[in-house]
Amino acid sequence: MSKEDKTQPPSESGGEKSQESDSPESQPSSQAGESQEKKAKSSAKPAEAAKSAKTAKPSSSAAAKEKTDKPPAKPARPAKKKAPTYEDLVDDPLLESLQKKFSEGILSGQSFLDQATYTISLEVLHDVLLHLRDDADSDYDYLIDLTALDYLGDEKRFCVVYHLYSHQKKTLIRLRCAVAEGESVPSATSVWRTADWMEREVFDLFGIDFSGHPDLKRILLPDDWHGYPLRKDYDIKLQDQVWIKEHLQIRKTPE
Amino acid sequence: MGLIENRMHENIVTTTVDSVFNWARKSSLWPMTFGLACCAIEMMAAGASRFDMDRFGAGIFRPSPRQSDLIIIAGTVTLKMGEVIQRLYHQMPDPKWVISMGACSSAGGPFDTYSTLQGVDKVIPVDVYIPGCPPRPEALLYGLMRLQDKIDLMTIARTDEQSQAS
């Protein structure tokens, strides 16, 4: 008992600010709860035990009243952070080495929240991928994701995106490559086998052709589906009525 | 009952053929093991010990459509899956029933898109619709009980409609 008495005051004063106001009441209440404490956890740390006794038994109504009178002050809102923007990469060794090797083929290097993005022209894409995988300095051995975007109305409509990861360096980069409609992208399956299904998915939903792919066919939608649903000019609610007519016996809605 | 009252020995029960058939059918439903999305998780919970669908005689999920008389469409039905559901439904022996579980299978749910069937009743007839996203197991059990009520109204006698059709 004497041990607890000693330990209570420091734990009170050291507690949160909102609890400071009811420190006079808290002592009797905690004493009342002592029998409970002893039952519950005699071996627990004193500061913890005092706290649990307080929460378990708010015996004095005065303490409760005071709590309701004084709502704890809201913490001030953190100042708004500036929205992150794309910035040109400065002194980036990878960008420099790529530019040295491929010169015109590397269009730009940008960073967004410390994540590097390199824009590459279609002509050198395959060589850049091979270089990034095999070159000892870059060593990007893992293709995390391969996807595409549709910028309808642009001169080069699509943008194929590669996410590469280096297990050696533990770094992640993005590659972007603009592709016009009808152009075919050299397949990355010979570089990373993972690209196989990812390219099939891009083909399925965007209709981008990958030359050199071993088995380029639809992966999610039915084989005989018409159209490419993730293109911007494909209505979001549009369903392939030809396919439906062929494969589903749609019932007449019951009256 | 006046005609046959007190005319038989004890322990002989008289009833109608319909009520015997309906009682047997509603008390031993055999749902098919078929789940499509998160609703299927709730369906599994309904089948497990806490909610225990077996209390209603429908707790054993059969792995084949040919052994089941109830299909619970639990989840989003894509157009590609609609074709499969139609085939599975036709493989089930009569009499058979369909429960549409959740917003997706009843009306497409939030997926008003290129790939999603806007209601499974577009491809197969549905007996009971259960709202919810996903419905809790209690809701599924309630839907099952409503289906049992519906089965109770069935008759093996040929109705006028059927005789006209045949």
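Going along each chain's sequence as written, the residues are numbered from 1 onward. Chains carry letters and ligands carry numbers; both start at the beginning, A for chains and 1 for ligands, and go up in the order they are written. Local features in this predicted model are restricted to residues of pLDDT 70 or higher, and side-chain atom pairs are both shown and tallied only at a pLDDT of 80 or more, whereas totals for entire chains, interfaces and linings draw on every residue. Where side-chain values are given, they derive from all heavy atoms of the structure, hydrogens and water being excluded.

A.B. asks: Looking at this model, I keep getting lost on the overall build of chain B. Mind explaining?
C.D. replies: Each helix and strand in chain B was counted, giving six helices and three strands. Helix and strand labels come from DSSP, where a helix needs a run of H or I of at least four residues and a strand needs a run of E of at least two; each type is numbered from the N terminus. When the elements of chain B are put in sequence order from the N terminus, they spell out α-α-β-α-β-α-β-α-α. With respect to the principal axes defined by its C-alpha atoms, chain B has extents near 65 × 45 × 25 Å. In what follows, residue pairs with any heavy atoms lying within 4.5 Å of each other are defined as contacts. Intrachain contacts of chain B at a sequence separation of at least 6 include 76% that bridge at least 24 residues. For chain B, the computed accessible surface area is about 9,400 Å², with 56% contributed by carbon and sulfur atoms. Note on areas: these come from Shrake-Rupley sampling with a 1.4 Å probe, and a residue is covered only by the protein chains present in the view.

A.B. asks: Would you mind going over the sheet that holds strand 2 (residues 106–112) of chain A with me for this structure?
C.D. replies: By way of backbone hydrogen bonds, the strands of a sheet pair with one another, either parallel or antiparallel. All names here are of chain A. Read from one edge of the open sheet, six strands run 1-2-3-6-5-4, paired in mixed fashion. Both edges of this open sheet fall to strand 1 (87–88) and strand 4 (142–150), since each of them pairs with a single strand only. Of the pairings in the sheet, the one linking strand 4 to strand 5 (residues 158–166) comprises eight bridges and is antiparallel in character. Looking across to strand 5, one finds that Ala148 is bridged to Val160. To get an axis, fit a line to the C-alpha atoms, keeping to the stretch in contact for a helix; angles then go from 0 to 180 degrees between the N-to-C directions. Running over the sheet, helix 7 (residues 125–134) touches strand 2, strand 3 (115–120), strand 5 and strand 6 (171–179) and is turned about 170° from strand 6. When DSSP locates at least two bridges between a pair of strands, those strands are taken to pair.

A.B. asks: Would you explain the packing of aromatic side chains in this entry?
C.D. replies: Note on aromatic pairs: each is described by the distance of the centres and the angle between the planes. All names here are of chain A. Planes of paired rings set the category: under 30 degrees apart is stacked, over 60 is edge-to-face and the rest tilted, where pairs are Phe, Tyr or Trp rings (Trp by its six-membered ring) whose centres lie within 6.5 Å. Across all of its chains, the model carries five aromatic pairs over all chains by this definition. With centroids separated by 6.3 Å and ring planes inclined at 80°, the aromatic side chains of Phe158 and Phe206 adopt a geometry described as edge-to-face. Taken together, the residues Phe158 in strand 5 and Phe206 in helix 8 (residues 195–206) connect sequence positions 48 residues apart. Each member of the pair Phe158 and Phe206 is classed as buried. Aromatic pair Trp225 and Trp243: ring centres 5.9 Å apart, planes at 45°, arrangement tilted. Of this pair, Trp225 sits in the loop between strand 8 (209–211) and helix 9 (241–247) while Trp243 sits in helix 9, placing them 18 residues apart in sequence. For every residue, the accessible area obtained with a 1.4 Å probe (protein chains only) is divided by the maximum for its type, and the residue is called buried under 20%, exposed over 50%, and partly exposed between those limits. By relative accessible area, Trp225 is classed as buried at 5%. Residue Trp243 is classed as buried on the basis of its relative accessible area of 2%.

A.B. asks: Looking at this structure, I do not really get the environment of A:Gly105. What am I missing?
C.D. replies: All names here are of chain A. Take Gly105: it is sitting in the loop between helix 6 (93–102) and strand 2. For the pair Gly105 and Val128, spaced 23 residues apart in the sequence, the C-alpha separation amounts to 8.9 Å. Here Gly105 is in contact with Thr119, Ile120, Ser121 and Val124, once residues within four sequence places are set aside.

A.B. asks: Explain the domain arrangement of chain A here, please?
C.D. replies: Accessible area lost upon the coming together of the parts serves often as the stated size of an interface. Residues and elements named next belong to chain A. Domain start and stop points were drawn from an automatic or database domain assignment. If you check the domain split of chain A, you get domain 1 (93–220) and domain 2 (224–255). Using only C-alpha atoms to locate each centre, domain 1 and domain 2 end up separated by 32 Å. With eleven residues of domain 1 at the contact, the number on the domain 2 side is nine residues. Contact between domain 1 and domain 2 buries roughly 890 Å² in total, counting both sides, with carbon and sulfur atoms accounting for 53%. Put simply, buried area is how much 1.4 Å-probe accessible surface two parts lose in total, over both of them, once they are put together. By the criterion of area lost to domain 2, the three top residues of domain 1 are Leu205, Phe206 and Arg218, representing 50% of everything that side buries. Take a side-chain nitrogen of Lys or Arg and a carboxyl oxygen of Asp or Glu: if they are within 4 Å of each other, that pair is a salt bridge. On inspection of domain 1 and its partner domain 2, the count reaches two salt bridges. Two residues, Arg231 and Glu181, come together in a salt bridge whose shortest N-O distance is 3.1 Å. Under the rule applied, a polar contact is a pair of N or O atoms within 3.5 Å (in protein, one hydrogen donor and one hydrogen acceptor; residues adjacent in sequence only if both atoms are side-chain atoms). Seen at the junction of domain 1 and domain 2, the total is eight residue pairs in polar contact (both at pLDDT 80 or more).

A.B. asks: It is not clear to me how the packing of helix 1 (residues 17–27) of chain B against helix 5 (residues 137–152) of chain B should be interpreted in this structure. Could you clarify?
C.D. replies: Each pair of packed helices can be summarised by the angle the axes make with each other and by the distance between the axes. All names here are of chain B. The N-to-C vectors of helix 1 and helix 5 enclose an angle of 160°; their axes lie 9 Å apart at closest approach. Of the possible angle classes, the one that applies to helix 1 and helix 5 is roughly antiparallel. Of the two elements, helix 1 crosses helix 5, and the hand of that crossing is right-handed. Taken together, the residues of helix 5 that come into contact with helix 1 (itself represented by Asn22, Arg25 and Lys26) are Gln148, Ile151 and Asp152. Classification used: nonpolar for Ala, Val, Leu, Ile, Met, Phe, Trp, Tyr, Cys and Pro, charged for Asp, Glu, Lys and Arg, polar for all others including Gly. For the contact of helix 1 with helix 5, the residue count by class is one nonpolar, two polar and three charged. Orientation categories follow fixed angle ranges, with anything under 35 degrees roughly parallel, anything over 145 roughly antiparallel, 65 to 115 roughly perpendicular, and all other angles oblique. Note on convention: near helix rotated counterclockwise from far helix by under a right angle means a left-handed crossing. Clockwise means right-handed.

A.B. asks: Can you help me understand unusual backbone geometry in this one?
C.D. replies: A negative phi holds for most residues other than glycine; trans holds for most peptide bonds. Cis geometry marks the peptide bond from B:Asp94 to B:Pro95, where omega comes out at -10°. Along the chain, B:Pro95 turns up in the loop between helix 3 (79–91) and strand 2 (97–101). Here B:Cys133 and B:Pro134 are connected by a cis peptide whose omega angle stands at -15°. With respect to the secondary-structure elements, B:Pro134 resides in the loop between strand 3 (128–130) and helix 5. Residue A:Ser103 is not a glycine yet carries a positive backbone phi of 40°. In this fold, A:Ser103 is placed in the loop between helix 6 and strand 2. For A:Ser103, a relative accessible area of 44% translates into the label partly exposed. Although it is not a glycine, B:Asp52 adopts a positive phi angle of roughly 55°. Position of B:Asp52 relative to the elements: it lies in the loop between helix 2 (38–47) and strand 1 (70–74).

A.B. asks: Even after reading the chapter, I still don't get the confidence of the model for chain A, so can you show me in this structure?
C.D. replies: Any segment with low pLDDT has predicted coordinates that should not be analysed in fine detail. With 71% of its residues at a pLDDT of at least 70, chain A reaches an overall mean of 76. The predictor rates its confidence in each residue with pLDDT, a number between 0 and 100. The model gives residues 1–45 of chain A a pLDDT under 50, and that stretch makes 44 contacts with residues more than four places away or in other chains.

A.B. asks: Honestly, the interface of chain A and chain B in this entry has me stumped. Any pointers?
C.D. replies: Between chain A and chain B, the contact holds 19 residues from the first and 17 residues from the second. Surface buried jointly by chain A and chain B totals about 1,500 Å² across both partners, of which 57% is contributed by carbon and sulfur atoms. If you sort the residues of chain A by the area they bury against chain B, A:Gln239, A:Leu248 and A:Arg251 come out on top, with a joint share of 35%. Applying the counting rule to chain A against chain B returns one salt bridge. Linking B:Asp112 and A:Lys237 is a salt bridge whose minimum nitrogen-to-oxygen distance equals 3.3 Å. With three residues, helix 9 of chain A is the largest single contributor of residues to the side of chain A that touches chain B. Of the residues in the side of chain A that touches chain B, the class split is 14 nonpolar, three polar and two charged.

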